[in-house]
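# Structural overview
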Amino acid sequence: MQVATVAHPLKRIGLLVFSLALSLACIVLCPPLATPMAFLLPVAVCPAWFSHGLWYSMLLSIIPCTGALLTGSDLPLSLLLLPCPYLCLLATQISSRRKLPFLWVAGILSGIVMLTQTFWMGRVMQLLGGDLFTELAKQTVTYLSELPNSGNLLYSLVQVGFLKIPAQFEHAIGFPIGGLIILNPALRWELLNALRFRLYDLLKAAIPSLLIQSSLITGLFTALRSAREIGRRSAPVELEPAHKTVPTGQVPYPLFRTLRLPHADRRYVAFLALVALGLGLVDGEIPALMSSLMMAAFATICRLMGASTLVFFLCRRHPARSLFAGLLTGAVYLLFPTLLLILGMADQFMDLRNATFHHHEGD
């Protein structure tokens, strides 16, 4: 009995060390993984502090930076992968001691992720030596133009409608040689320029939106998972709800499917959308960027509320299917984000979940 008692914690520590080594190996084998791993790590390291201990969270937080340095990445760029998980760890610990409201914690964590990502992008811009969107589009086009099958790629983009062939080149596109397509040199130059402008427009719209969405989603789920671990430690009773409808007060931690914006906070979200629309009418790069960021924040908040509503309906009769509901909702978020946006706004104004619950009680 004593041997089994000793072996259990050793086995647990061995599995944790193996997970650290596996994470480092993934980055060494695929260096681009270091950046997304660093900014998604709060979802893992913050709750791990309460379930596996501080030592594991501290070591896991340094893995992306270590992997980036081992693969020859820029030193300042690698070091900028450290603040996100460590600052989120600190914020989570302080908030748990001071018993801050859940939405405050989620907002603070989202702000930390957004700020650290912004500093990292600033260093990328410094390395590129110019405007982030312009230089990324330029370097992407330069890389594609040097590929042996660049003609095939450009012709494929034309076929799918991403690029258009100018009228003067419609009868002088080029000719195939084996499996390669040799484009008219003048047409090739025109298509590369068109691709650079298209990429610039896409990056200018996508990067700010991705920054906001990743920050809000990471902050929210970090707060949810951390609150769940804290609740499990503080409550020895069975925590998994077995009822068809689960009021938030029945469990010692918030559930994603019961999340709703308080009435006092809805006006701030509406004000955010109005300011975004107002800035969109102002000329200039900075007002346009601020408008894009604010509108992305408004849309992301509504989509997350819509995702919460969808998970609620999927789990209303079968709470044990929360994993399936989460996976399905994630797919809907990626494929049909507008649907979740509409559902989230409808729930905030019409209180769909409580209306459905009372209707079910009446039946």
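See above for the structure.
Predicted model, so just to flag it, every value in this text is computed and none were measured.

## Some remarks on the side chain of S150
With respect to the secondary-structure elements, S150 resides in helix α9 (residues 150–159). Here the side chain of S150 touches R188 through a polar contact of 3.2 Å, side chain to side chain. Those residues in contact with S150 that sit more than four places away from it in its chain are L144, S145 and R188.

## Comments concerning the side chain of S61
As for its position among the elements, S61 is in helix α4 (residues 54–70). Among all residues touching S61, those that are not within four sequence positions of it are L41, V45, L82, P85, Y86 and L89.

## As for unusual backbone geometry
Positive phi outside glycine occurs at K99, with the angle close to 55 degrees. With respect to the helices and strands, K99 occurs in the loop between α6 (83–98) and α7 (102–128). Residue K99 is classed as exposed on the basis of its relative accessible area, which comes to 67%.

## Overview of the nonpolar core
In a soluble, globular protein the nonpolar side chains are often hidden away together inside. Core analysis: the largest hydrophobic core is formed by 54 residues, its most contacted members being L60, L81, L220, F256 and L259. The residues touching L259, leaving out its near neighbours within four places in the chain, are F102, L220, L224, P254, M305, S308 and R353. Of all hydrophobic cores here, the second largest spans twelve residues; its members include A137, L154, L191 and L199.

## Looking at α6
The first and last C-alpha atoms of α6 sit 22 Å apart over 16 residues, in line with the 22 Å expected at 1.5 Å per residue. Restricting attention to buried positions, one finds in α6 the residues C84, P85, C88, L89, A91, T92, Q93, S95 and S96. K99 sits one or two residues past α6 and shows a positive phi near 55 degrees.

## Remarks on the packing of aromatic side chains
Counted according to the given criterion, the structure contains four aromatic pairs. Between F39 and W120, the ring centres sit 6.2 Å apart and the planes meet at 75 degrees, which makes this aromatic pair edge-to-face. With F39 in helix α2 (residues 34–40) and W120 in helix α7, the pair connects residues that are 81 residues apart, well separated along the chain. Like W120, F39 is buried. A cation over an aromatic ring shows up here: R196 above the ring of F197, its NZ or CZ 4.9 Å from the ring centre. The ring of F162 carries R198 above its face, with NZ or CZ at 4.3 Å from the centroid.

## Examining the packing of helix α12 (residues 285–315) against helix α13 (residues 322–335)
At a minimum axis separation of 9 Å, α12 and α13 run at an interaxial angle of 145 degrees. In the crossing of α12 with α13, the sense of the turn from one axis to the other is right-handed. Within the contact between the two elements, α12 uses T300, R303, A307, L310, V311, L314 and C315 and α13 uses S322, A325, L328, T329, V332 and Y333. Taken together, the residues that form the contact of α12 with α13 break down as nine nonpolar, three polar and one charged.

About the criteria used
Residues numbered from 1 in each chain as written. Predicted model: local features only at pLDDT ≥ 70, side-chain atom pairs only at ≥ 80, totals over all residues. Heavy atoms only, no water. Helix = DSSP H or I, 4+ residues; strand = E, 2+ residues; numbered from the N terminus. Polar contact = N/O pair within 3.5 Å; in protein donor to acceptor, adjacent residues only side chain to side chain. Contact = heavy atoms within 4.5 Å. Buried < 20%, exposed > 50% of the residue type's maximum accessible area, 1.4 Å probe, protein only. Core = buried A, V, L, I, M, F, W, Y, C linked by side-chain atoms within 4.5 Å. Expected span 1.5 Å × (residues − 1). Phe/Tyr/Trp six-rings, centres within 6.5 Å; stacked < 30°, edge-to-face > 60°. Lys NZ or Arg CZ within 6 Å of the ring centre and 35° of its normal. Axes fitted to C-alpha atoms, helices over the stretch in contact; angles between N-to-C directions. Left-handed = near helix turned anticlockwise from the far one by under 90°. Nonpolar A, V, L, I, M, F, W, Y, C, P; charged D, E, K, R; others polar.

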